[in-house]
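# Inside the fold
This is what each chain is made of:
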Amino acid sequence: MGTPARADGRADLRQVEEVARTIAPLLDGYKLIVEKSTVPARTASWIDWTIRRLAGPEREFDVASNPEFLREGTAVRDFLEPDRIVIGADTRRARSLLRDLYETNFDCPIVVTSVTAAELIKHTSNAFLATKISFINLVSDLCAELGDVATVARGVGLDPRIGGHFLDAGLGFGGSCLPKDLRALITVAEDNGVDVAMLREVERINTARVDRLLAKVERALWVLPHKVIGVLGVAFKANTDDIRGAPSLAIIPRLHGAGAILRIYDPIAARNFQKLYPPDDRLTYVESAFEAARGADALVILTEWDEFRTLDLDTIRSLVRTPIVVDGRNLFEPARMRAASFEYYSLGRGDASLLAEPQRVRI
Ligand code: UGA
């Protein structure tokens, strides 16, 4: 069930409470209530108290936590082939019910712990993934001057203590989970008197990615009014039509506000974006990357779709007005783009540009 963020960053647990209140009078005989949603530590205790108050002491039940680690786009595979299962249960009965359910069907490590620790494992996992991404993005700003972030990430990630996953530099993390769960962990930690300066920095670095990209667009195009920009991708990541928390939501309105003419393409997420930003005289939705490129002064890549990685560069070059690509996802090798006669701006790898000096963002 939904646990959206409140204005202060805390999780809004109204729907969770509502379910607890609904379940309470219906309990007949022992029931195990399993919390699957990502919730702040101690939510299960609140569910337990809520039901106990409303159902009376004679009702038999336990509340357990069994967080899921499914990613959008690969959820079924993640479910069938989990890398671990976390069971948070505070009674023997609850523990053994969940163990029986999983042990016979899955061959992966099972972490059995308290309910509250299980809740914390989920938030910590997502906050750590977010931290990895912000860390490599910080390094990518350094690499813009000194090296290639993709090579640095590979060299670092081959150390098994670090691991190569979630070291793709670019526009940062979006979606409905990492930003929200990081925020929620910050508020839980603050509520418990823990200094969260480090996690705040992870957030700040992530937010600043949008400015980095917009500065590149300005550097590439100089004057934005009436420039035609083909935007490739609005989804928060590839293989989903989800735009929640997507960098496109911050970038496209700013390009539009600066007077650019936008032609937007996403394989499946454009429909959702269009509901928020209907077409107008300077914003249209097109059916292919090639249509987005036709007559464009620049292409701006916002999502790491494979379809964009494999674009035929000769065709693109024949369609655009000026061969300029600003790549927020580092999909191409700069040398290859240079060889294909593109001006190529990416994040953390040095630009193949006709200009020498970087400029400040004004959009
Ligand atoms: C995330 C977690 O990865 C799942 O384990 C978790 O179960 C899920 O949240 C959840 O809490 O339900 P998801 O939101 O589908 O899954 O997205 P991710 O695949 O984690 O990607 C998040 C964002 O990070 C995307 O915007 C992606 O583009 C970005 N990212 C990812 C990078 O910028 N660099 C990387 O190296 C990896």
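The structure this text deals with has already been given above.
Here goes a summary of the coordinates provided. If you're wondering where the values come from, they're calculated on a predicted model, not measured in any experiment.

Here we come to the pattern of salt bridges. Applying the stated criterion to the full structure yields 26 salt bridges. As a salt-bridge pair, Arg 6 and Asp 8 come within 2.7 Å of each other at their nearest N and O atoms. A salt bridge links Arg 209 to Asp 141; its shortest N-O distance comes to 2.9 Å. Of the two residues, Arg 209 is situated in helix H8 (residues 197-221) and Asp 141 in helix H5 (residues 115-146); the sequence distance between them amounts to 68 residues. Judged by relative accessible area, Arg 209 falls into the buried class, the value being 1%. The partly exposed category is assigned to Asp 141, whose relative accessible area is 25%.

What follows concerns the nonpolar core. Counting residues in each nonpolar core, the largest one holds 60 residues, and the members touching the most others are Ile 229, Leu 232, Ile 252, Leu 255 and Ile 264. Of all the elements, H8 adds the most residues to this core, at 6 residues. Apart from the residues within four sequence positions on either side, Leu 232 is in contact with Tyr 265, Ala 289, Ala 292, Leu 299, Val 300, Ile 301, Leu 302, Thr 303, Phe 308 and Leu 311. Listed in part, the 13 residues of the second largest apolar core include Leu 27, Val 39, Ile 47 and Phe 61.

This part covers the site of the ligand. Among the 22 residues in the neighbourhood of the ligand, the closest are listed as Leu 70, Glu 72, Lys 122, Asn 126 and Asp 168. One nitrogen or oxygen atom from the side chain of Glu 304 is found 3.0 Å from an oxygen atom belonging to the ligand. Coverage of the ligand by the protein chains reaches 92% of its 720 Å² of free accessible surface. Those elements giving two or more residues to the shell around the ligand turn out to be H5 and helix H7 (178-191). Top contributing element to the shell around the ligand by residue count: H5, with 4 residues. Classifying every residue of the shell around the ligand by side-chain character gives 10 nonpolar, 3 polar and 9 charged.

For the rest of this paragraph, the subject is the sheet that holds strand E8 (residues 298-301). Taken in spatial order, the 6 strands of this open sheet run E7-E6-E5-E8-E9-E10, and their pairing is parallel. Here the strands that pair on one side only, and so sit at the sheet edges, are strand E7 (283-285) and strand E10 (343-345). When the angles between neighbouring strand axes are averaged without regard to direction, this sheet yields 20°. Against the sheet, helix H9 (residues 248-257) makes contact with strand E5 (228-232), strand E6 (261-265) and E7, and its axis sits at roughly 155° relative to E6, the strand it touches most.

To continue, consider the pairing of strand E2 (residues 61-65). Here E2 lies mainly inside the structure; 5 of its 5 residues are buried. Where burial is concerned, the two faces of E2 agree: the one with Phe 61, Val 63 and Ser 65 and the one with Asp 62 and Ala 64 are both buried. Sheet topology places strand E1 (residues 31-35) next to E2; 5 bridges connect them, and they run parallel. Of the residues in E2, the one forming a bridge with Ile 33 is Val 63. Once the chain exits E1 it traverses helix H2 (residues 43-55) before rejoining the sheet at E2, and the crossover so formed is right-handed.

What counts as what
- Here, residues in each chain are numbered from 1, in the same order as that chain's written sequence.
- Per-residue local features of the predicted model are confined to residues with pLDDT of at least 70, and side-chain atom pairs are confined, for both listing and counting, to 80 or more; whole-chain, interface and lining totals are unaffected and use all residues.
- As a rule here, side-chain values come from all non-hydrogen atoms in the structure, and water together with hydrogens is ignored.
- Definition used for salt bridges: Asp or Glu carboxyl oxygen within 4 Å of a side-chain nitrogen of Lys or Arg.
- Comment: elements are numbered from the N terminus, with helices defined as DSSP H or I runs of at least four residues and strands as E runs of at least two.
- Each residue's exposure class comes from its accessible area (1.4 Å probe, protein chains only) as a fraction of the maximum for that residue type: buried when under 20%, exposed when over 50%, partly exposed otherwise.
- Here, the term nonpolar core denotes a set of buried Ala, Val, Leu, Ile, Met, Phe, Trp, Tyr and Cys residues that are joined through side-chain atoms within 4.5 Å.
- By definition in these notes, contact holds between two residues if any of their heavy atoms fall within 4.5 Å.
- Residues are classed as near a molecule or strand on a simple rule: at least one heavy atom within 4 Å of it.
- For the purposes of these results, a polar contact is taken to be a pair of N or O atoms within 3.5 Å, where, inside protein, one atom must be able to donate a hydrogen and its partner to accept one; residues adjacent in sequence count only when each atom of the pair is a side-chain atom.
- In short, Shrake-Rupley with a 1.4 Å probe defines the accessible areas, and a residue's cover is counted only from the protein chains shown.
- Under the scheme applied, nonpolar residues are Ala, Val, Leu, Ile, Met, Phe, Trp, Tyr, Cys and Pro; charged residues are Asp, Glu, Lys and Arg; polar residues are all the others, including Gly.
- Pairs of strands are assigned from DSSP output, requiring at least two bridges between the strands.
- Under this scheme, a helix contributes an axis fitted over its contacting stretch, all axes are lines through C-alpha atoms, and angles between N-to-C directions fall in the 0 to 180 degree range.
- For crossovers, right-handed means that the path from the first strand over the helix to the second runs clockwise, given strands pointing away from the viewer.

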